[in-house]
Amino acid sequence: MRKLSMCTALCSLVLCGMLNAEESMSMNAADKAMYAEMLENNPAAMDVAEGEDMFNSLIGKDAYAKVLGVKVKDLPKTIAGFPRMVKVAGKVVTLSQSLQMAAADRGHPVPKLESNEMIKMTAHVKSLANGLETNIDVKADKQMKEMAVLGQHVFEERRGGRGLSCNSCHSPDIVGSRLRMQALPDLGAKETASAATWPAYRMTQSVMVTFDKRMQQCMKNALLAELPLGSKEMVALEVYVTNKGKGNTMQIPGLKR
Amino acid sequence: MERRSFLKGFGAVSACAALVPSIVSAADEAKKVTGPNEMSVESALAAITGGKPVTPSTKVSLSAPEIAENGAVVPVKVSVESPMSANDHVKAIHVLATKNNNVRCANVYLTPANGEASFATRIKLGTTQDVLAIAELSNGTFLSAKQNVKVTIGGCG
Amino acid sequence: MKTLIKIKPKDYKVGDIVKVDFMAMHPMESGMRKDKDTGQIVPAHYINEVNFLFNDKMLTKMITWESLSVNPVLTISLKVSGAGTLKVLAKDNKGDNVESSVAITPKG
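Once a new chain begins, its residue numbering starts again from 1 and follows that chain's sequence as written. Lettering for chains starts from A, numbering for ligands starts from 1, and both go in the order in which the items are written. Where totals are concerned, whole chains, interfaces and linings use all residues; where local detail is concerned, this predicted model gives features only for residues with pLDDT of at least 70, and gives and counts side-chain atom pairs only at 80 or more. Side-chain numbers come from the whole structure's heavy atoms, not from hydrogens or water.

Trainee: Explanation requested: the pairing of strand β7 (residues 117-123) of chain B in the structure shown.
Mentor: As a general feature of sheets, a regular strand has side chains that alternate between the two faces. Partly exposed describes any residue whose relative accessible area lies between the buried limit of under 20% and the exposed limit of over 50%, with all areas from a 1.4 Å probe on protein chains only and scaled to the type maximum. Strands here are runs of E lasting at least two residues and helices are runs of H or I lasting at least four, both read from the DSSP assignment and numbered beginning at the N terminus. Counted residue by residue, β7 of chain B has 7 buried out of 7 residues, so it is predominantly covered. On β7 of chain B, burial covers both faces: Ala-117, Phe-119, Thr-121 and Ile-123 of chain B on one face and Ser-118, Ala-120 and Arg-122 of chain B on the other are all buried. A pair of strands is labelled paired if DSSP reports no fewer than 2 bridges between them. Both strand β4 (residues 74-80) of chain B and β7 of chain B contribute to a ladder of 7 bridges, which runs antiparallel. Each bridged residue has a counterpart across the sheet, and for Lys-77 of chain B the counterpart in β7 of chain B is Ala-120 of chain B. Pairing of β7 of chain B with strand β5 (residues 73-79) of chain C involves 2 bridges; the strand directions are antiparallel. Residue pairing across strands places Ala-120 of chain B opposite Thr-75 of chain C, the latter belonging to β5 of chain C.

Spelled out as structure tokens, the structure:
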């Protein structure tokens, strides 16, 4: 027992030393401004342009609005409210799933959620709402209420080899602490604007990634089994996290580390 | 620090550390590998200037982050004070990453039609190092500016 | 090779200096990276020359190297001398080349 506590003390010493060293390694305002400026020349802009062509040939605004049950002019504000209940689906769906429905409705082959085609179309369609604030409504109906509750459960449930949950790193207790030089983001904060800035170009991977895919990658690194894209749990998690950052301005495609 | 949140954080740190091999050791290993265009700063400078002196100058402004979040995408901007006239202009801007296997990033040959001597891009930096910008003027002289960029170890995922 | 040219700002007059952004989707392989699955070195594959021409006259010639980031972005200035076409020719070390262009349309 004594040996164990010694070990813990030593570890904490080492870790605290690391944290202090990392403090001096954080970016200054000028650095942050330079990275922010890079948004203007986001390589994912090429993907979004391609997504526009795909969306127009596969679905089109009229057909998409019809599936969502809204007018074409109301598409942007509807898009800013995903994940949402879609009547013809009878359940809460992500924007990508609504595109799948629209493709099926037009008798086209349905692109898989993880396909490049779907990622690019999703980014384009989400970008139609750029400049608007995300307006997810978790109290809109019974289905959304249920999904928000399930999403919180998924967020807080400790799983995997190390018993971690999303909350282990993204709880208010620990936000701002550093994990290998990176400050853990507050998923609800304006500067994080999580749901409003995905799909985003990930500089570490040089590709555009969707929000749910990013959450899968996070699970993988924390040794949690990855929730499948489009599963009820994954959609619920997206509902919960999107709602944390409700009201942030849509800026698609984002640019992330 | 509160014990509970400390433990949570520690779990997260070790989970990531276990999965992602340290970038530092990856960089050390990379040093042994030789790229097809390997070139040192000395050779690259000699090729650019033909042995002429290079003078550090405030006329050359080089911006790069002091700390790069990610060595794979480091924004670099260079601008040089110049009238960009037919008689007096910047002929070229050269960007070098002094510790990369091939230090050359881009050789940019400008003309007065550019209106101003500026160039911006994003480069890969294998490790913490100086980024060097050389401006070649129409009168045959060379000016330079440099900035150190610290490349940090990335976060989770 | 997919490319995109952007002129900033969108509105400009004759005599203004605008920024020209050229982006390309390219892996920019350094020739030093090992493939995770095969363990083999991935051969170098990078854009090695980019030429910017305004009305077919050389504006800026670039020699580029594998140290540019994946999906590189290159930005230069252009003093707008009148209406015309800005053309960008990009080549890589495997011989792939692409030509893209954008109209320069000054207002007033």
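Trainee: Looking at this structure, I do not really get the sheet that holds strand β1 (residues 2-8) of chain C. What am I missing?
Mentor: Note on sheets: strands pair through backbone hydrogen bonds, and any given pair is parallel or antiparallel. Read from one edge to the other, the open sheet built from 6 strands follows the order β2(B)-β4(B)-β7(B)-β5(C)-β2(C)-β1(C), with strand pairing classed as antiparallel. Every other strand in the sheet has two partners, leaving β2 (60-63) of chain B together with β1 of chain C as the edge strands with one partner each. Put simply, the sheet's adjacent strands are angled 15 degrees from each other on average, direction ignored. Simply put, an axis is a line fit to the C-alpha atoms, just over the touching stretch for a helix, and the angle between two N-to-C directions goes from 0 to 180 degrees.

Trainee: Hey, could you run me through the sheet that holds strand β6 (residues 207-209) of chain A in this one?
Mentor: All names here are of chain A. Read across the open sheet, the 3 strands follow the order β6-β5-β7; overall the sheet is mixed. Bordering the open sheet on either side are β6 and β7 (254-256), each of which pairs with just one other strand. Pairwise comparison of adjacent strand axes, ignoring direction, gives a mean angle of 35 degrees for this sheet. Sheet topology places strand β5 (residues 200-202) next to β7; 3 bridges connect them, and they run parallel.

Trainee: I tried to follow the side chain of Ser-206 of chain A on my own but got confused; where do I start?
Mentor: Mapped onto the fold, Ser-206 of chain A is located in the loop between β5 and β6. Given the relative accessible area of 15%, Ser-206 of chain A is considered buried. Contacts are residue-level and defined by heavy atoms, with any inter-residue pair within 4.5 Å sufficient. What Ser-206 of chain A contacts, discounting residues up to four positions off in sequence, is Tyr-201 of chain A together with Val-70 and Asn-71 of chain C.

Trainee: Got a minute to help me understand the pairing of strand β8 (residues 129-137) of chain B in this structure?
Mentor: Most of β8 of chain B is tucked away: 8 of the 9 residues are buried. Connecting β8 of chain B to the antiparallel partner strand β9 (residues 142-151) of chain B that follows it, the hairpin turn spans 4 residues, and Gly-140 of chain B within it adopts a positive phi of roughly 90 degrees.

Trainee: Honestly, the packing of aromatic side chains in this entry has me stumped. Any pointers?
Mentor: Two descriptors summarise a pair of aromatic rings, namely the distance from one centre to the other and the angle between the planes of the rings. The aromatic pairing rule takes the rings of Phe, Tyr and Trp, using the six-membered ring of Trp, and pairs them if the centres are within 6.5 Å, calling planes under 30 degrees apart stacked, those over 60 edge-to-face and the rest tilted. Applying the stated criterion across every chain yields a total of 3 aromatic pairs over all chains. Both rings, one in Phe-55 of chain A and one in Tyr-64 of chain A, keep their centres 5.8 Å apart while their planes meet at 90 degrees; by these two values the pair is edge-to-face. Pair check on accessibility: Phe-55 of chain A and Tyr-64 of chain A agree, each one buried. Measuring from ring centre to ring centre gives 5.1 Å for Phe-155 of chain A and Tyr-240 of chain A, while their planes differ by 55 degrees; the resulting arrangement is tilted. A residue pair is termed long-range when its members are at least 10 positions apart, and Phe-155 of chain A in helix α8 (residues 142-156) and Tyr-240 of chain A in helix α11 (residues 232-244) qualify at 85 residues. A residue is classified by how much of its surface remains accessible, and Tyr-240 of chain A, at 16% relative accessible area, is buried. We count a charge as sitting over a ring when the NZ of a lysine or the CZ of an arginine lies within 6 Å of the ring centre and within 35 degrees of the ring normal. It is Arg-104 of chain B that lies over the ring of Trp-65 of chain C; its NZ or CZ is 3.7 Å from the centre.

Trainee: Help me understand the pattern of salt bridges, please; the structure alone is not making it clear to me.
Mentor: Side chains that differ in sign of charge can pair as their charged atoms come close. One speaks of a salt bridge when a side-chain nitrogen belonging to Lys or Arg is within 4 Å of a carboxyl oxygen belonging to Asp or Glu. Considering all chains together, one arrives at 19 salt bridges over all chains under this definition. For Lys-73 of chain A, the salt bridge is made with Asp-74 of chain A, and the minimal N-O distance between the two is 3.6 Å. Here Lys-91 of chain C ties to Glu-49 of chain C by a salt bridge, and the two come within 3.6 Å at their closest N and O atoms. With Lys-91 of chain C in strand β6 (residues 84-92) and Glu-49 of chain C in strand β3 (residues 47-54), this residue pair connects regions lying 42 residues apart in the sequence. Under the relative-accessibility criterion, Lys-91 of chain C is labelled partly exposed at 38%.

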